[in-house]
Amino acid sequence: MPERPDHGPTPSDAKRTGWRRTAAPPATPPANPPAAPRPAPPAPPPADHRSVVDSAVYRDGRRIASPITLADTFRQLREEPDGMAWIGLHRPTESELHSLAAEFNLHELAVEDALEAHQRPKLERYGSTLFVVLRAARYLDAQEEVEFGELHVFVGPDFLITVRHGAAPDLSRVRRRMEQTPELLSLGPEAALYAILDAVVDGYAPVVEGVQTDIDEIETEVFRGDPSVSRRIYELSRETVEFQRATRPLVGMLHSLMAGFAKYRTDEELQRYLRDVADHVTHTSERVDGFRQALTEILTVNATLVSQQQNAEMRALAEAGFEQNEEIKKISSWAAILFAPTLVGTIYGMNFEDMPELKWAGGYPFAILLMAVVCVSLYVIFKKRDWL
């Protein structure tokens, strides 16, 4: 069985291992200095700071610097051996991510994913860096639909980088919450990762309630016979599938993080917080699975009701056609009965001189009798066939 990805090292681990991007100590000056000073290595291309939402350096859970550019953040972090950088980006440029990759040794595959977006939720480890992809969601009341956002998080021993694609989640609230609890933020980048996970999972609660309300309304519309309900069921089913894809992988991701508690000596308090988030996301995932099942059943019921309605309409049309046929039969029968004497009277009304019955004394009674016999015969025949 492949090993699950798990936590990154805590700040105390970083101190023990001495992992830090500090400049190398100056070498002892040679006896004979060179004639010309050695030029400094070229700096990475400057990043465009317009995508930087917030950048800060923290020490012991408290903000000690708020650099404006990424280059200033790198410099401030190098000057603070026990500091932690938290960089928030929104739709960053390629140059920004490349400068971050050069400074923090980010893996090129993770950087490529953060640039392209449209990734599934996942958790991957690249050396000492943890790469997390999350799908945030929010419910839009006016449109009655779910909007999804994508969040990429790089977690290292002394840095946390968030790359946001979309409006959700609001990470400024997460940062304010952590800054108001410095004892939690002092636990390091993993604590900030917990706060982000907690915000994303908490953001699912209004979406769950909104979808539940939509399902209740759809059930009412189905039994009311609203013809547009089928389209609404389809659209909500598609959103529920997308919601399911956002929430279900989080269960495995958080279990993977919890599996690394012992290996990376995660703080016990932080372990409790992460277990709480895992419980919430499990509950949310189960509810979303129930939504999909409910929508499938509603769609089946709607199809049955539509079929019954169509059958009722066809039956009504058939009954109307049957009644119309009965009326046509009656009309046709009386028309045939009345046609017989008309035919006889028309023949004898031609007044030809050579007609044999014109001078016959019994001709008139015979013609009347013939008309009566034909009419009665037709009436009896049509009556037996229920045409009259």
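Values in this document were obtained by computation on a predicted structure and should not be read as measured data.

S.K.: Which parts of the structure should I look at to understand the overall build of the protein chain?
M.R.: Scanning the protein chain for helices and strands turns up ten helices and seven strands. Taken over 388 residues, the protein chain has a buried fraction of 40%. Long-range contacts, defined as pairs at least 24 residues apart, comprise 68% of the intrachain contacts of the protein chain with a sequence gap of at least 6. Entry remark: accessible area of the protein chain is about 22,500 Å², with carbon and sulfur atoms responsible for 56%.

S.K.: Sorry if this is basic, but what is going on with the confidence of the model for the protein chain here?
M.R.: Averaged over every residue, the pLDDT of the protein chain is 80; the share at 70 or more is 86%. Here helix H1 (residues 11-17) is the element of the protein chain with the lowest mean pLDDT, 37, and strand E2 (residues 62-65) is the one with the highest, 93. In the predicted structure, residues 1-49 sits below a pLDDT of 50 and forms 75 contacts with residues beyond four places in sequence or in another chain.

S.K.: Sorry, what's going on with the nonpolar core here?
M.R.: For soluble globular proteins, nonpolar side chains are generally found buried alongside one another. If you look at the biggest cluster of nonpolar residues, it comprises 57 residues, and the most contacted ones within it are Trp86, Leu134, Ile196 and Leu197. Sort the elements by how many residues they give to this core and helix H7 (residues 189-224) lands first, with 16 residues. Leaving out residues up to four positions away in the same chain, leucine 134 has contacts with Gly149, Glu150, Leu151, Ile196, Leu197, Val200, Leu250 and Met253. Val52, Ala85, Leu100 and Val163 belong to the second-largest nonpolar core, a separate cluster that totals 24 residues.

S.K.: Would you mind going over unusual backbone geometry with me for this structure?
M.R.: Among all residues save glycine, negative phi is the norm, and among peptide bonds the norm is trans. Positive phi is not limited to glycine here, since aspartate 60 has a value of about 55°. Here aspartate 60 lies in the loop between strand E1 (52-59) and E2. For asparagine 105, which is not glycine, the phi torsion reads 60° and is therefore positive. Among the structural elements, asparagine 105 can be located in the loop between helix H3 (94-104) and helix H4 (108-116).

S.K.: Is there a simple way to think about the packing of aromatic side chains in this case?
M.R.: By convention here, two paired aromatic rings are described through the distance between centres and the angle between planes. What the rule picks out here adds up to eight aromatic pairs. Ring geometry for phenylalanine 148 against phenylalanine 243: centres 6.4 Å apart, planes inclined by 55°, an arrangement best described as tilted. Placement of phenylalanine 148 in strand E6 (residues 145-155) and of phenylalanine 243 in helix H8 (residues 229-259) is noted, with a sequence separation of 95 residues between them. The exposure class assigned to phenylalanine 148 is partly exposed, which follows from its relative accessible area of 22%. Ring pairs connect the aromatic residues Phe74, Phe104 and Phe159, which therefore count as one cluster. When the ring centre of tryptophan 86 is taken as origin, the NZ or CZ atom of arginine 175, which lies over that ring, is 4.5 Å away.

S.K.: Looking at this structure, I do not really get H4. What am I missing?
M.R.: Quick reminder: α-helices carry 3.6 residues per turn. Residues three or four places apart thus point the same way. Turning to H4, its buried residues are Ala110, Val111, Asp113 and Ala114. With its buried residues spanning 160° around the axis, H4 presents them on a single face. Those residues of H4 hidden inside the fold are in contact with H3, strand E4 (122-126), strand E5 (129-140), E6 and strand E7 (159-165). Looking one or two residues beyond H4, the residue adopting positive phi is alanine 117, at roughly 60°.

S.K.: Explain the side chain of serine 55 to me, please; I cannot follow it from the model alone.
M.R.: When you line up the elements, serine 55 lands in strand E1. Classification of serine 55 as buried rests on a relative accessible area of 2%. Apart from residues lying up to four places away in sequence, serine 55 is in contact with Arg63, Ala65, Ser66, Pro67, Thr73, Trp86 and Ile87.

S.K.: Looking at this structure, I do not really get the packing of H7 against helix H9 (residues 268-348). What am I missing?
M.R.: Each pair of packed helices can be described by the angle between their axes along with the distance between the axes. As a packed pair, H7 and H9 sit with axes 9 Å apart at the nearest point and diverge in direction by 20°. Regarding the angle of H7 to H9, the classification is roughly parallel. With respect to the hand of their crossing, H7 and H9 are arranged in left-handed fashion. Per-class residue counts for the contact of H7 with H9 are 21 nonpolar, four polar and six charged.

S.K.: Explain the environment of glutamate 96 to me, please; I cannot follow it from the model alone.
M.R.: Tracing the chain through its elements places glutamate 96 in helix H3. For glutamate 96, a relative accessible area of 0% corresponds to the buried category. C-alpha separation for the pair glutamate 96 and valine 52, spaced 44 residues apart in sequence, amounts to 9.0 Å.

Conventions and cut-offs
Residues numbered from 1 in each chain as written. Predicted model: local features only at pLDDT ≥ 70, side-chain atom pairs only at ≥ 80, totals over all residues. Heavy atoms only, no water. Helix = DSSP H or I, 4+ residues; strand = E, 2+ residues; numbered from the N terminus. Buried < 20%, exposed > 50% of the residue type's maximum accessible area, 1.4 Å probe, protein only. Contact = heavy atoms within 4.5 Å. Areas by Shrake-Rupley, 256 points an atom, 1.4 Å probe, with all protein chains shown as cover. pLDDT = per-residue confidence, 0-100. Core = buried A, V, L, I, M, F, W, Y, C linked by side-chain atoms within 4.5 Å. Phe/Tyr/Trp six-rings, centres within 6.5 Å; stacked < 30°, edge-to-face > 60°. Lys NZ or Arg CZ within 6 Å of the ring centre and 35° of its normal. Arc of directions from axis to C-beta. Axes fitted to C-alpha atoms, helices over the stretch in contact; angles between N-to-C directions. Parallel < 35°, antiparallel > 145°, perpendicular 65-115°, else oblique. Left-handed = near helix turned anticlockwise from the far one by under 90°. Nonpolar A, V, L, I, M, F, W, Y, C, P; charged D, E, K, R; others polar.

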